[in-house]
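Here is how the chains run, residue by residue.
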Amino acid sequence: MQQLESHACFGGTQQVWSHRSDALDCEMKFAIYLPPQVQQGAVPALYWLSGLTCTEQNFIIKAGAQRYAAEYGIALVAPDTSPRGAGVADAEGYDIGLGAGFYVNATQAPWSAHYRMYDYVVDELPALVEGEFAVTSARAISGHSMGGHGALVIALRNPDRYRSVSAFSPIVAPSQVPWGEKAFRQYLGNDREAWKAYDATELVRDGSGDLPLLVDQGEADEFLALQLKPQLLQSACEAAGRPLNLRMQPGYDHSYYFIASFIGEHVAHHAAALKA
């Protein structure tokens, strides 16, 4: 591991590290905020998954979450959104390839050589964080857009690994929207049955996990009608009898202005579960 950044922040430190990832077979970066409470002992962690085109930097610079993490005494861990580096496959467009890993384990060439973000987030990154920092195995997960999709899918498939889950503007049904269909066809092939393992609406329908879901969605989001479709998740949860707190927020769009406006409530939601 190599430390790339360290900044004093709300009594704690905001750091960025690089390391060699076995899951992704490349060098990866992740950000970690360590609150002041680590001086007294290990703290639980909230993992944040970012959206299309993002890196580990977007969340730590724009969301303003460190203030709340310091208040509640939890670490924030934000990985990059895809593998990077020479030899890592890419494609034209912002919604496939670098910056668009979709938090799946790709099965199709050339993506399968590196694009295993699911394994990285679920297994490798937590093991690294918990082994190298004063961070416990009490975990929560959240994310935005593509990262909201990732957070929901990962929590639904691994309810024993997370205490809570939330999402901002998630792609809730990637099998039914253009962003998801394009990515899944490239990464997973044409078998739509294989796509269901990474589709939150399908996982809810199948009864995966039992964590309640918190979702914030801006009503002025430019991607709402075509790409996000939260009503599909709402219908699936109602049919499955699963708790869903879907909060439609008037006037808010898809940006980090939206995230910054409600991130304190999400951190509080996760802190309550992590310290229960």
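Residues numbered from 1 in each chain as written. Predicted model: local features only at pLDDT ≥ 70, side-chain atom pairs only at ≥ 80, totals over all residues. Heavy atoms only, no water.

Draft legend 1. Representation of the environment of Glu193. Its location among the elements puts Glu193 in helix H6 (residues 192-195). The exposure class of Glu193 is exposed, given its relative accessible area of 53%. The spatial distance from the C-alpha of Glu193 to the C-alpha of Glu5 is 42 Å, given a sequence separation of 188 residues. (Helix = DSSP H or I, 4+ residues; strand = E, 2+ residues; numbered from the N terminus. Buried < 20%, exposed > 50% of the residue type's maximum accessible area, 1.4 Å probe, protein only.)

Draft legend 2. Spotlight on helix H9 (residues 230-240). Regarding H9, the residues found buried are Pro230, Leu233, Ala236 and Cys237. Seen along its axis, H9 keeps its buried residues to an arc of 120°; they face one direction. Of the exposed residues in H9, the ones pointing more than 90 degrees away from its buried face are Glu238 and Ala239. Along its buried surface, H9 packs onto helix H4 (146-157), helix H7 (200-205), strand S8 (213-218), helix H8 (224-228) and strand S9 (244-249). One or two positions beyond H9, positive phi appears at Gly241, with a value near 70°. (Arc of directions from axis to C-beta. Contact = heavy atoms within 4.5 Å.)

Draft legend 3. Focus on the pairing of strand S3 (residues 26-34). The buried fraction of S3 amounts to seven of the nine residues, a majority that puts the element mostly inside the structure. The pairing of strand S2 (residues 12-21) with S3 spans nine bridges and is antiparallel. Within S3, the residue paired with Arg20 across the bridge is Glu27. When S3 meets strand S5 (residues 75-79), the two strands line up antiparallel, connected through four bridges. Of the residues in S5, the one forming a bridge with Tyr33 is Leu76. (Pairing = 2+ DSSP bridges.)

Draft legend 4. Main features of the pattern of salt bridges. The tally for this structure, following the rule as stated, stands at nine salt bridges. Measuring nitrogen to oxygen at the nearest pair gives 2.7 Å for the salt bridge that ties Arg139 to Glu130. The class for Glu130 is partly exposed, based on a relative accessible area of 22%. Between Glu202 and Arg205 there is a salt bridge; the shortest N-O distance is 3.2 Å. (Salt bridge = Lys/Arg side-chain N within 4 Å of Asp/Glu carboxyl O.)

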